[in-house]
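For reference, the chains in residue letters:
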Amino acid sequence: NVTTEEIQKKSEKVVDLPDGKIMDHRVFEGTIDDMIQARVAAAAERGCVLRHVGSVDVATQSVEIKVVEVPNTHVFAVTPPSCECVRFFTHRHNPYPLVIQGPAAGADCTSSALLAELLNMMRSKVGPRMGILSRSNSSAFLT
């Protein structure tokens, strides 16, 4: 299992905050805005755009969340801001990933939709399983 602390260690930080201290976000407004604008301009010069990307590697059990440059022709660059885009690289879908794209409806709806889609895909591989897909405030599970 991957912990929140492990994700935070591997993820990109825009600024370092003192541990345990609550700070007003307005303290960073000018500094962060300037930093991000410089990254956007540098990426544009290289024919890229910035995107917030999360990566899950099942083999190494690692999770990363970063702001990365992607080429203007990449699926993440051309996906509208109101959509989510997930790519699956598997032994079968490599080097061309399985891409699922749809409207962004928040983390809860997105995770539920992905779980339902994966369960449907699994059902065709292993046969039907008796059970009910239940949903709580923050997750979905098979009972």
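Residues numbered from 1 in each chain as written. Predicted model: local features only at pLDDT ≥ 70, side-chain atom pairs only at ≥ 80, totals over all residues. Heavy atoms only, no water.

A. Up close: the overall build of the chain. For the chain, the count of helices and strands is 4 helices and 6 strands. Seen in sequence order, the chain has helices and strands lined up from the N terminus as α-α-β-β-α-β-β-α-β-β. The buried share of the chain, taken over its 143 residues, is 13%. Residue pairs in contact within the chain that sit at least 24 positions apart in sequence constitute 29% of those at least 6 positions apart. (Helix = DSSP H or I, 4+ residues; strand = E, 2+ residues; numbered from the N terminus. Buried < 20%, exposed > 50% of the residue type's maximum accessible area, 1.4 Å probe, protein only. Contact = heavy atoms within 4.5 Å.)

B. Focus on the environment of G47. Within the fold, G47 resides in the loop between helix 2 (29-45) and strand 1 (48-57). Residue G47 is classed as partly exposed on the basis of its relative accessible area of 28%. Separated by 25 residues in sequence, G47 and N72 place their C-alpha atoms 6.0 Å apart. Not counting chain neighbours up to four residues away, the residues in contact with G47 comprise P71 and N72.

C. Up close: the side chain of H74. With respect to the secondary-structure elements, H74 resides in the loop between strand 2 (62-71) and helix 3 (75-78). Assessed through its relative accessible area of 18%, H74 is described here as buried.

D. Geometry of unusual backbone geometry. That bond from N94 to P95 is cis: its omega, 10°, falls within 30 degrees of zero. When you line up the elements, P95 lands in the loop between strand 3 (83-88) and strand 4 (98-103).

E. Quick peek at the packing of aromatic side chains. The tally for this structure, following the rule as stated, stands at 0 aromatic pairs. Over the ring of F76 we find R87, and its NZ or CZ is 5.1 Å from the ring centre. (Phe/Tyr/Trp six-rings, centres within 6.5 Å; stacked < 30°, edge-to-face > 60°. Lys NZ or Arg CZ within 6 Å of the ring centre and 35° of its normal.)

F. Representation of a nonpolar patch on the surface in the model. Taken together, the side chains of M35, I36 and V40 define a hydrophobic patch exposed on the protein surface, amounting to about 210 Å² of accessible area. Mapped onto the elements of the fold, V40 is located in helix 2. Assessed through its relative accessible area of 39%, V40 is described here as partly exposed. (Patch = residues over 30% accessible without salt bridge, like charges linked within 9 Å, V, L, I, M, F, W, Y side chains within 5 Å. Areas by Shrake-Rupley, 256 points an atom, 1.4 Å probe, with all protein chains shown as cover. Salt bridge = Lys/Arg side-chain N within 4 Å of Asp/Glu carboxyl O.)

G. Highlighting the layout of surface pockets. Counted as a void, the largest pocket has a volume near 1,000 Å³. When residues of the lining of the largest pocket are traced back to their parent elements, those giving at least two are strand 1, strand 2, strand 3 and helix 4 (107-126). Tallied by class, the residues present in the lining of the largest pocket amount to 16 nonpolar, 7 polar and 4 charged. (1 Å grid on protein atoms, 1.4 Å probe; cavity = no way out; pocket = protein on both sides within 12 Å on 5 of 7 lines; lining within 4 Å. Points joined across faces, edges and corners; volume = space filled by probe spheres on them. Nonpolar A, V, L, I, M, F, W, Y, C, P; charged D, E, K, R; others polar.)

H. How the structure looks around the pattern of salt bridges. Across all of its chains, the model carries 1 salt bridge by this definition. With a closest N to O distance of 2.4 Å, E69 and R46 form a salt bridge. Pair noted here: E69 is in strand 2 and R46 is in the loop between helix 2 and strand 1, with a separation of 23 residues, a long-range link. For R46, a relative accessible area of 52% corresponds to the exposed category.

I. Structural view of the side chain of T79. One can find T79 in the loop between helix 3 and strand 3. For T79, the side chain forms a polar contact with the main-chain oxygen of V75, separated by 2.5 Å. Residues in contact with T79, not counting those within four places in the same chain, are C85 and Q101. (Polar contact = N/O pair within 3.5 Å; in protein donor to acceptor, adjacent residues only side chain to side chain.)

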